[in-house]
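This is what each chain is made of:
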Amino acid sequence: MGKRSGARGGGGRGARGRSDLYERIYAAARRVPRGRVTTYGRIAALVGCPSPRVVGYAMAAATPDIDVPWQRVINARGEVSARRGGYGAEVQRALLEEEGVLFDDRGRVDLARFGWP
């Protein structure tokens, strides 16, 4: 079978091969202030994305040259999601802690306190 279209791409291709949907996701993530977090589901709702999972794919595809604060997007339980390769979750948590985001003993962020919007 060939490459699937739509599930990860989200539509037509924009600059540098990213989809228009990914560009909207990245624009929404850039609005999250330093020291705050949002969820995959919240970003999906803001941009009219069919699934929080697609937002996760977009965050995983983000490269340093596009300047997206991917670390500020976490799951609905307030947890950093596991990453392929195993190292990304620790990096994400460290970046958030540098911004002043606190984690409880279970590794969760209080979304009522640090959540955006």
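Look up a bit, the structure's there.
To start, this report covers the structure provided alongside it. Every residue gets a number counted from 1 within its own chain, in the order that chain's sequence is written. pLDDT decides what is reported in this predicted model: residues at 70 or higher carry local features, side-chain atom pairs at 80 or more are listed and counted, and totals for whole chains, interfaces and linings draw on all residues regardless. Remark: hydrogens and water are excluded; side-chain values derive from all non-hydrogen atoms of the structure.

## Brief notes about the overall build of the protein
Spelled out, the test is: Numbering of helices and strands runs from the N terminus; a helix is a DSSP stretch of H or I covering at least four residues, while a strand is a stretch of E covering at least two. Here's how the labels work: a residue is buried when its accessible area is under 20% of the maximum for its type, exposed when over 50%, partly exposed in between, all with a 1.4 Å probe on protein chains only. By definition, residues are in contact when any of their heavy atoms lie within 4.5 Å. The protein chains shown are the only cover counted for residues, whose accessible areas, like all others here, come from Shrake-Rupley with a 1.4 Å probe.
A count of helical and extended segments in the protein gives five helices and two strands. Helices (α) and strands (β) of the protein occur, in sequence order from the N terminus, as α-β-α-α-β-α-α. In the protein, buried positions account for 40% of the 117 residues. By sequence separation, contacts in the protein at least 24 residues apart represent 59% of the contacts at least 6 residues apart. When the accessible surface of the protein is summed, it comes to about 7000 Å², and 50% of that surface belongs to carbon and sulfur atoms.

## Digging into the packing of helix α2 (residues 40–47) against helix α3 (residues 52–61)
The following threshold applies: Angles run from 0 to 180 degrees between N-to-C directions of axes, and those axes are lines fitted to C-alpha atoms, restricted for helices to the stretch in contact. Each angle receives one of four descriptions, namely roughly parallel if under 35 degrees, roughly antiparallel if over 145, roughly perpendicular if within 65 to 115, and oblique otherwise. Residue polarity follows a fixed list, in which Ala, Val, Leu, Ile, Met, Phe, Trp, Tyr, Cys and Pro are nonpolar, Asp, Glu, Lys and Arg are charged, and the others, Gly among them, are polar.
Axis separation between α2 and α3 bottoms out at 8 Å; the angle between their running directions is 100°. One element, α2, and the other, α3, form an angle in the roughly perpendicular class. Contact residues: Y40, G41, I43 and A44 in α2; P52, V55, G56 and M59 in α3. Across the contact of α2 with α3, the residue classes tally to six nonpolar, two polar and no charged.

## Notes on the packing of aromatic side chains
Here is the rule we go by: Here a pair means two rings of Phe, Tyr or Trp (six-membered ring of Trp) with centres within 6.5 Å. Their orientation is stacked below 30 degrees between planes, edge-to-face above 60, and tilted elsewhere.
The tally for this structure, following the rule as stated, stands at one aromatic pair. Look at Y22 and Y26: their rings are 6.1 Å apart centre to centre, the planes differ by 65°, and that puts the pair in the edge-to-face class. Within this pair, Y22 and its partner Y26 are both found in helix α1 (residues 20–30), separated by four residues, close to a single helical turn. With respect to burial, Y22 and Y26 carry one shared label: buried.

## Section: the side chain of Q92
On the secondary structure map, Q92 appears in helix α4 (residues 88–98). For Q92, a relative accessible area of 0% puts it in the buried group. In contact with Q92, not counting residues within four places along its chain, are W70, Q71, V73, I74, V80, S81 and R83.

## Points about the pattern of salt bridges
The following threshold applies: What counts as a salt bridge is simple: a side-chain nitrogen of Lys or Arg found within 4 Å of a carboxyl oxygen of Asp or Glu.
With the rule as written, the count across this model stands at five salt bridges. For R34, the salt bridge identified is with E99, shortest N-O distance 3.8 Å. Pair noted here: R34 is in the loop between α1 and β1 (38–39) and E99 is in the loop between α4 and α5 (111–114), with a separation of 65 residues, a long-range link. The exposure class of R34 is exposed, given its relative accessible area of 57%. With a relative accessible area of 13%, E99 lands in the buried category. A salt bridge links R72 to E99, with the shortest nitrogen-to-oxygen separation between them at 2.9 Å. Here R72 is found in the loop between α3 and β2 (73–74), whereas its partner E99 is found in the loop between α4 and α5, with 27 residues between them in sequence. For the pair R72 and E99, one class covers both residues: buried. Look at the salt bridges and you will find they share partners, linking R34, R72 and E99 into a network.

## Some words on unusual backbone geometry
A cis amide bond links W116 with the next residue in sequence, P117, at an omega value of -15°. Along the polypeptide, P117 turns up in the segment after α5.

## Focus on the side chain of T39
Inspection of the secondary structure puts T39 in strand β1. With relative accessibility at 15%, the residue T39 sits in the buried group.

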